There are 2 protein chains.
Amino acid sequence: MVIEIDFNSDEAIYVQLMNQIILGIATSRLQEGDTLPSVRQMADNIGINMHTVNKAYTLLKQEGFVSIDRRRGAIVAIDVDKIKALEEMKENLVVALAKGCCKKVSRSEVHQLIDEIFDEYDL
Amino acid sequence: MVIEIDFNSDEAIYVQLMNQIILGIATSRLQEGDTLPSVRQMADNIGINMHTVNKAYTLLKQEGFVSIDRRRGAIVAIDVDKIKALEEMKENLVVALAKGCCKKVSRSEVHQLIDEIFDEYDL
DNA sequence: GAGATGTGCTAGTATATGTGTAACACAATA
DNA sequence: TATTGTGTTACACATATACTAGCACATCTC
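Cut-offs used in this document
Residues numbered from 1 in each chain as written. Chains lettered and ligands numbered in written order. Predicted model: local features only at pLDDT ≥ 70, side-chain atom pairs only at ≥ 80, totals over all residues. Helix = DSSP H or I, 4+ residues; strand = E, 2+ residues; numbered from the N terminus. Contact = placed C-beta atoms within 7 Å. Buried ≥ 20, exposed ≤ 12 C-beta atoms within 10 Å, placed from the backbone. Near = placed C-beta within 6 Å. Nonpolar A, V, L, I, M, F, W, Y, C, P; charged D, E, K, R; others polar. Domains from an automatic or database assignment. Axes fitted to C-alpha atoms, helices over the stretch in contact; angles between N-to-C directions. Parallel < 35°, antiparallel > 145°, perpendicular 65-115°, else oblique. Left-handed = near helix turned anticlockwise from the far one by under 90°. Least-squares fit on C-alpha atoms with pLDDT ≥ 70 in both. Expected span 1.5 Å × (residues − 1). Bend = angle between axes of the 7 residues up to and from the residue.

When you go through chain A residue by residue, the secondary structure sums to five helices and two strands. Mapped in sequence order, the helices and strands of chain A form the string α-α-α-β-β-α-α. Its C-alpha atoms give chain A principal-axis dimensions of roughly 50 × 35 × 25 Å. When contacts within chain A are restricted to residue pairs at least 6 apart in sequence, those whose partners lie at least 24 apart make up 48%.

As structure tokens, then:
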């Protein structure tokens, strides 16, 4: 799986890396049981520091997207906690929807947008 | 309108302030034409520095939620740019939905969540 | 044993954030 | 005219975060 980092972005590198991996899982380019490159390999591929990759992996582990095995490295392993996932999603959506609502984005337009995005995830 | 800041939050104070004002507009507690407290007043009320408030106001102006009049201060004034609003919303949703998708949150559950949130906005 | 791995540690630089003080130009008002 | 309140700008300072760098260690694979 190809990782692309925008070094001019205002988003931290480790956040970009986390998001790309999460997107990879959502779009099935990464599947349960797949292994991620080692922190050193990934760091070399992207051209960043090992510790930055390690930070991303560690956070992904804490958030339940991968598990880390000293023998095999980082493995995609989803820890499904739906209640927590819904809560976290709501926190994100509250502000995002408020912004849209101020800009007169209608409820149906949001639903349509959700469908567009979801079409690329579950197929 | 009461502003509440969580000083222990990992979110920057000026971001919290921006979000609360945006939420205020979305829930109609703030309406088009309403004036916000001056940067010094708001700073005193919350117990933070003037510059932090000024940063929030300036960003809110850049994002088209208020306009700033030297005589009257900050005034709620929505600059409706729906296309831009939809693009920004999509960027936010892509990652948020990917996380949920990984955690097996279904499409219908997301739609339901959207409705819940929207019910508090447009009434 | 040799090599690769995750992990922990220290240290440095750069940027973001928040505070503090001060000054400026402008508008409203006494 | 003088005062007050406004947004704006500038500078300095402290703290936290992000990223890099190098080193060391225990573990695992070959």
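Further notes follow.
Here we take up unusual backbone geometry. Of note in this structure, A:Ser28 is not a glycine but carries a positive phi near 65°. Here A:Ser28 falls in the exposed class, since 12 other C-beta atoms lie within 10 Å of it. Positive phi outside glycine occurs at B:Lys104, with the angle close to 70°. The residue B:Lys104 is located in the loop between α4 (82–102) and α5 (107–119) in this model. Looking at B:Lys104, the number of C-beta atoms within 10 Å reads 13, which means it is partly exposed.

In this section: the protein's contact with DNA strand D. Residues in close proximity to DNA strand D total 21 residues, the closest being A:Ala12, A:Ile13, A:Asn49, B:Ser38 and B:Gly73. Elements with a contribution of two residues or more to the surface near DNA strand D: α1 (13–26) and α3 (50–62) of chain A together with α2 (39–46), α3 (50–62) and β2 (73–76) of chain B. No other element matches the four residues that α3(B) contributes to the surface near DNA strand D. In the surface near DNA strand D, the residues fall into eight nonpolar, nine polar and four charged.

Below, the discussion takes up the domain arrangement of chain A. When cut into domains, chain A gives domain 1 (13–76) and domain 2 (82–119). Between the C-alpha centres of domain 1 of chain A and domain 2 of chain A there is a distance of 26 Å.

Take the protein's contact with DNA strand C next. Taken together, 22 residues lie around DNA strand C, and A:Ser38, B:Ala12, B:Ile13, B:Asn49 and B:His51 are the ones closest in. Of all the secondary-structure elements, those providing two or more residues to the surface near DNA strand C are α2 (39–46), α3 and β2 (73–76) of chain A together with α1 (13–26) and α3 of chain B. At four residues, α3(A) tops the list of elements feeding residues into the surface near DNA strand C.

α4(B) packs onto helix α5 (residues 107–119) of chain A with a crossing angle of 50° between their chain directions and a minimal axis gap of 10 Å. Of the possible angle classes, the one that applies to α5(A) and α4(B) is oblique. Of the two elements, α5(A) crosses α4(B), and the hand of that crossing is right-handed. For the pair α5(A) and α4(B), contact is made by A:Glu109, A:Leu113, A:Ile114, A:Ile117 and A:Phe118 and by B:Leu86, B:Met89, B:Lys90, B:Leu93, B:Val94 and B:Leu97, respectively. Residue composition of the contact of α5(A) with α4(B), grouped by class: nine nonpolar, no polar and two charged.

As a further point, take the interface of chain B and chain A. With 38 residues of chain B at the contact, the number on the chain A side is 38 residues. For the side of chain B that touches chain A, the secondary-structure elements that each account for two or more residues are α1, α4 and α5 of chain B. Of all the elements, α4(B) adds the most residues to the side of chain B that touches chain A, at 16 residues. Across the side of chain B that touches chain A, the residue classes break down as 25 nonpolar, four polar and nine charged.

With that settled, the discussion passes to the relation of the copies chain B and chain A. By a simple turn and slide, chain B fits onto chain A: the slide is 0.0 Å along the axis, the RMSD is 0.1 Å, and the turn is 180°. On the angle and the small slide along the axis, the relation comes out as a two-fold axis. Residue B:His111 of chain B places its C-alpha closer to the rotation axis than any other residue of that unit, at 3.2 Å. Interface overlap between copies: 100% of the residues of chain B at the interface are likewise at the interface in chain A, consistent with a symmetric, same-surface contact.

Bringing α4(B) into the picture now. Its 21 residues place the ends of α4(B) 30 Å apart at the C-alpha level, agreeing with the 30 Å of an ideal helix rising 1.5 Å per residue. The largest bend in α4(B) is about 25°, located at B:Leu93. All buried positions along α4(B) are accounted for by B:Ala85, B:Met89, B:Leu93, B:Ala96, B:Leu97, B:Ala98, B:Lys99, B:Gly100, B:Cys101 and B:Cys102. Of the surrounding secondary structure, the elements contacted by the buried residues of α4(B) are α1, α4 (82–102) and α5 of chain A together with α5 of chain B. Once α4(B) finishes, B:Lys104 follows within two positions and takes phi at roughly 70°, a positive value.

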